[in-house]
Amino acid sequence: MGGPIPRPSAEPMIVGRDAERALLSGFLDAGISTRVPAAGGTGDSGVVPAGHAGAVAAILTGPAGIGKTALWEWTLERAASLGYLVLVSRAGIAEAQLPWVGLTDLLRTAAMPVLAGLPPPQRAALRVVMLQSDVGEPVDERSVGTALWSVLSAQAQSGPVLIALDDLPYVDAASAGALRFALRRMGPGSRVRLIATARGEGSRWAPLDGLPGDQVLPVGVGPVTVGALFELLAARLAVRLARPVLLRVHETSGGNPLYALELARALDRLEIVPRPGVPLPVPTSLDGLVAERVRSLPPDVLQIAAATAAAWRFTGAGLEPGAVERAVLAGLVVVDEPEVLGGARIVRAAHPLMSAAAYAALQAAERRGLHQRLLAGTDDPLERARHAALAATGADPRIAGALDAGVVVSLAAGAPDIAVELSRLALQHTDSDAERAVRLDLLADALVRAGDSPGAVQAQRESIALTPAGSLRARRRIRLAEMATEVIGWGAAADELQVAVAEAAADPVVRSEALLTLAAVSDDIDLADASAARSPPLSRP
Ligand SMILES: Nc1ncnc2c1ncn2[C@@H]1O[C@H](COP(=O)(O)OP(=O)(O)OP(=O)(O)O)[C@@H](O)[C@H]1O
Ligand SMILES: [Mg+2]
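Because the structure is predicted, anything quoted here is derived from the model rather than measured.

Cut-off values and rules
Counting restarts for each chain, with residues numbered from 1 along the sequence as it is written. For naming, the first written chain is A and the first written ligand is 1, with later ones following in the order written. The model is predicted, so local features are restricted to residues of pLDDT at least 70 and side-chain atom pairs to those at 80 or more, both for listing and for counting; the totals for chains, interfaces and linings are taken over all residues. As a rule here, side-chain values cover all heavy atoms of the structure and leave hydrogens and water aside. A run of DSSP states H or I qualifies as a helix once it reaches four residues; a run of E qualifies as a strand once it reaches two. Both are numbered from the N-terminal end. Under the scheme applied here, a residue whose accessible area is under 20% of the maximum for its type counts as buried, over 50% as exposed, and between as partly exposed, the area being computed with a 1.4 Å probe on protein chains only. Contacts are residue-level and defined by heavy atoms, with any inter-residue pair within 4.5 Å sufficient. Note on areas: these come from Shrake-Rupley sampling with a 1.4 Å probe, and a residue is covered only by the protein chains present in the view. Distances are taken per atom, and a residue is near a molecule or strand as soon as one of its heavy atoms is within 4 Å of it. Polar contacts here mean pairs of N or O atoms no more than 3.5 Å apart (in protein, one a potential hydrogen donor and the other a potential acceptor; neighbouring residues in sequence count only if both atoms are side-chain atoms). Stacked, tilted and edge-to-face are the three classes assigned to paired rings of Phe, Tyr and Trp, where Trp is represented by its six-membered ring and a pair needs centres within 6.5 Å; plane angles under 30 degrees give stacked, over 60 edge-to-face, the rest tilted. When the NZ atom of lysine or the CZ atom of arginine is within 6 Å of a ring's centre and also within 35 degrees of its normal, the charge is said to sit over that ring. For two strands to be treated as a pair, DSSP must find no fewer than two bridges joining them. Note on geometry: axes are C-alpha line fits, over the in-contact stretch for helices, and angles between N-to-C directions span 0 to 180 degrees. For a helix, the expected span equals 1.5 Å multiplied by the residue count minus one. Take the buried Ala, Val, Leu, Ile, Met, Phe, Trp, Tyr and Cys residues and link them wherever side-chain atoms come within 4.5 Å; each set so joined is a nonpolar core. Throughout this description, the term salt bridge denotes a Lys or Arg side-chain nitrogen within 4 Å of a carboxyl oxygen of Asp or Glu.

Asks: Before we go on, may I ask you to explain the overall build of the protein in this structure?
Replies: Scanning the protein from N- to C-terminus turns up 25 helices and seven strands. Looking at the protein as a whole, 51% of its 541 residues are labelled buried. For the protein, the proportion of contacts with a sequence separation of at least 24, taken over those separated by at least 6, is 69%. Here the protein displays about 23,400 Å² of accessible surface, and carbon together with sulfur accounts for 57% of that area.

Asks: So what exactly am I meant to see when it comes to the site of ligand 1 here?
Replies: Around ligand 1 lies a shell of 21 residues, among which Gly65, Lys68, Thr69, Arg199 and Arg236 are the nearest. Between ligand 1 and the protein, one listed contact pairs an oxygen atom with a backbone N or O atom of Gly67 at 3.0 Å. Alone, ligand 1 offers 620 Å² of accessible surface; in the complex the protein occludes 95% of this. Of all the secondary structure elements, the ones that give two or more residues to the shell around ligand 1 are helix H2 (68-81), helix H8 (226-237) and helix H10 (257-269).

Asks: How do you make sense of the packing of aromatic side chains when you look at a structure like this?
Replies: What describes a pair of aromatic rings is the distance from one ring centre to the other and the angle between the planes of the rings. All told, the structure shown has zero aromatic pairs when counted by the stated rule. The side chain of Arg21 reaches across the aromatic face of Trp74, ending 5.5 Å from its centre. Across the ring face of Phe181, the terminal group of Arg185 is positioned such that the distance to the ring centre comes to 3.9 Å.

Asks: Looking at this model, I keep getting lost on the sheet that holds strand S2 (residues 85-90). Mind explaining?
Replies: Read from one edge to the other, the open sheet built from five strands follows the order S2-S3-S4-S1-S5, with strand pairing classed as parallel. The open sheet is flanked by S2 and strand S5 (216-220), the only strands paired with a single partner. Across this sheet, the average inter-strand angle for adjacent strands is 15°, counted without regard to direction.

Asks: Sorry if this is basic, but what is going on with the environment of Ala494 here?
Replies: Take Ala494: it is sitting in helix H23 (residues 490-503). Its relative accessible area of 15% is what places Ala494 among the buried residues. Here the alpha-carbon distance between Ala494 and Ala520, two residues 26 residues apart in the chain, equals 9.6 Å. Filtering out sequence-adjacent residues up to four positions away, Ala494 remains in contact with Leu518 and Val521.

Asks: Would you mind going over helix H24 (residues 508-521) with me for this structure?
Replies: Given 3.6 residues per turn, any residue in an α-helix points the same way as the ones three and four places further on. Between its first and last C-alpha atoms H24 spans 20 Å; for 14 residues at 1.5 Å apiece the expected length is 20 Å, and the two agree. Here H24 has its buried residues at Val510, Ser512, Ala514, Leu515, Thr517, Leu518, Ala519 and Val521. Immediately downstream of H24, the backbone of Asp523 shows phi near 55°, a positive value.

Asks: Can you help me understand the nonpolar core in this one?
Replies: If you look at soluble globular proteins, the nonpolar side chains tend to sit buried side by side. One finds Leu233, Val249, Ile304, Phe314 and Leu370 to be the most contacted residues of the largest nonpolar core, which totals 52 residues. Listing elements by their share of this core, those giving two or more residues are H8, helix H9 (243-253), H10, helix H11 (286-295), helix H12 (299-310), helix H13 (323-329), helix H14 (352-361) and helix H15 (364-376). Leaving out residues up to four positions away in the same chain, Val249 has contacts with Leu229, Leu241, Ala260, Leu263 and Leu267. Trp100, Val171, Ala182 and Leu208 belong to the second largest nonpolar core, which has 46 residues in total.

Asks: What is the right way to look at the pairing of strand S4 (residues 192-199) in this model?
Replies: Along any regular strand, the residues point their side chains to alternate faces of the sheet. Buried residues dominate S4, accounting for seven of its eight residues. Judged from the six bridges that link them, strand S1 (residues 57-62) and S4 form a sheet pairing that is parallel. Following the sheet pairing, Ile59 is matched in S4 by Ala196. Where strand S3 (residues 161-166) lies against S4, five bridges are found, and the strand directions are parallel. Considered in S4, the bridge of Ala164 is made with Ile195.

Asks: Can you walk me through helix H1 (residues 18-33) in this structure?
Replies: The first and last C-alpha atoms of H1 sit 22 Å apart over 16 residues, in line with the 22 Å expected at 1.5 Å per residue. What H1 keeps buried is the set Glu20, Leu24, Ser25, Phe27, Leu28, Ala30 and Gly31. Contacts made by the buried residues of H1 are with S1, H2, S3, S4 and S5.

Asks: Explanation requested: unusual backbone geometry in the structure shown.
Replies: Glycine aside, a negative phi is what most residues show, and trans is what most peptide bonds show. Despite not being glycine, Asp167 has its phi angle at roughly 60°, a positive value. Relative to the elements of secondary structure, Asp167 occurs in the loop between S3 and helix H7 (173-183). Residue classification places Asp167 among the buried residues on the basis of a relative accessible area of 11%. With phi around 55°, Ala238 is a residue other than glycine that occupies positive phi space. Within the element layout of this structure, Ala238 appears in the loop between H8 and H9.

Asks: What exactly am I supposed to notice about the side chain of His371 here?
Replies: Mapped onto the elements of the fold, His371 is located in helix H15. Among the residues examined, His371 registers a relative accessible area of 1% and is labelled buried. Residue contacts for His371: discarding those within four places in its chain leaves Ala310, Tyr359, His387, Leu390 and Ala391.

Asks: For this particular structure, what's the right way to read the pattern of salt bridges?
Replies: When the charged atoms of two side chains lie near each other, side chains of opposite charge can form a pair. Going through the model one piece at a time under the given rule, you end up with 24 salt bridges. Ionic pairing is found between Glu20 and Arg17, a salt bridge with its closest N-O pair at 3.7 Å. This pair shows no difference in class: Glu20 is buried, exactly as Arg17 is. Across the pair Arg386 and Glu421 runs a salt bridge whose closest N-O atoms are separated by 2.8 Å. Highlighted residues: Arg386 in helix H16 (residues 381-391) and Glu421 in helix H18 (residues 416-428), separated in sequence by 35 residues. The structure contains a network of salt bridges with shared partners spanning Asp441, Asp445, Arg476 and Arg479.

Asks: Whenever I open this one, the side chain of Glu496 confuses me. Can you help?
Replies: Within the fold, Glu496 resides in helix H23. Polar contacts involving the side chain of Glu496 include one to the side chain of Arg477, which spans 2.7 Å. If we skip the residues at most four places from it in the chain, Glu496 touches Ile464, Arg477 and Leu480.

Here it is as structure tokens:
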């Protein structure tokens, strides 16, 4: 195979995929031919094109490494050449995303006059969102969604708009909520389209789940042909495989480009020419190949790849200068330069699977060291609290305090998934039962907001179990009954409240609160009246 010169894998190029490209071209063409929506209108009063051309969103689905992002990038280039304004967001792969990162990415390319021309309340909502962690006031998805829709429809007055999201399931929950809200107002008659990628099957993903099924064009991305694979390996690795070897690589990889690229790289690393009838002398599972590639990386490059999985937003700061460039050359990361002066460059995974494997390959101490360095490289208070927690060796009350603050900020910012992650980290830094119980209450709140009621019930039960009998425990029982009647059932909620009533015997305020909740849960007006009559008089100012 001899002496290939690897090219950075981020270089845009595509081989094969003729059918998929035709489908996506049709999707884009339909977006151009529709009528301009009336200013501020819902946009779905225009001409509705026939067939799948009525789709407002296209979603590329398929397994890891099959080529969804490659096809998505091709579509973005084609859209730009057709005159679309392309608004891009690439979700990272850290477990949860900073609130509003997706939306902020998307709006970065929107024209300034459009943003400035928004009605003041909408402009205020977007300003809060785009300042990210400096959120002083809670913002809700509806007002941000309305503002987003205003921006999109204003922008569509001057030309078609394509919202482009890579790795849709990783888009932060807050942005997904606002997008869902805006997308529901976007009809086939508007000139706004969306293209996204997602691993796996299916076509119902947040934020697309608010759209009627016929407005979503699912594009399943499958194996590439033997011919396309030959071209792909030639272009990417400068290797021209003999047909028998090519067939082996195609068969083993199942036509998966990432898998085939790694297989060809591994063969090349070992300078091996596979012999007919003999099993390939390299790992033949994708995971095995990825693990082997990660093991072969120099430590500084491995750190960079791991950092793109370890940070919500990695800029390269905190790690060895020069290593980012080496990681780019190795095809592991891609650098997005800032579009505005003074903006931060973003270093992101060229391939999420590889970055996740690089992070997983670090020993516990190395992982802590990485978070320590990333901590030094970021000013964002939420990221700092998270890195500090992941860098610490033992429980640290100061770290737990910073995480508590982070939970409150992320809940106010409409990012309950972040709040859940920070809240779990805070618990790992808590020793005393009393503090654990308080943090479990907070976790339960975050889980409710994140839509995980069974998780919230579990957290609230743990909090109750850690609390000694008395009015505090009664109050926690009331919380449990209130937050999750639909999970534990009305009967169990009523039982819980009966216990709370008994447990709060010495505390009239909590007792009457328990009775009132019991009355509400059991729909008992007499009980409500009786408990109201017995409640202590409200203190007067
Ligand atoms: N048609 C193609 N032409 C050229 N290169 C391709 C093609 N399809 C995939 N590749 C290359 O194969 C590798 C994997 O593809 P890609 O990153 O698009 O996969 P993916 O489906 O997005 O995976 P994931 O689900 O992990 O994000 C990349 O290096 C990509 O550039
Ligand atoms: Mg991808």
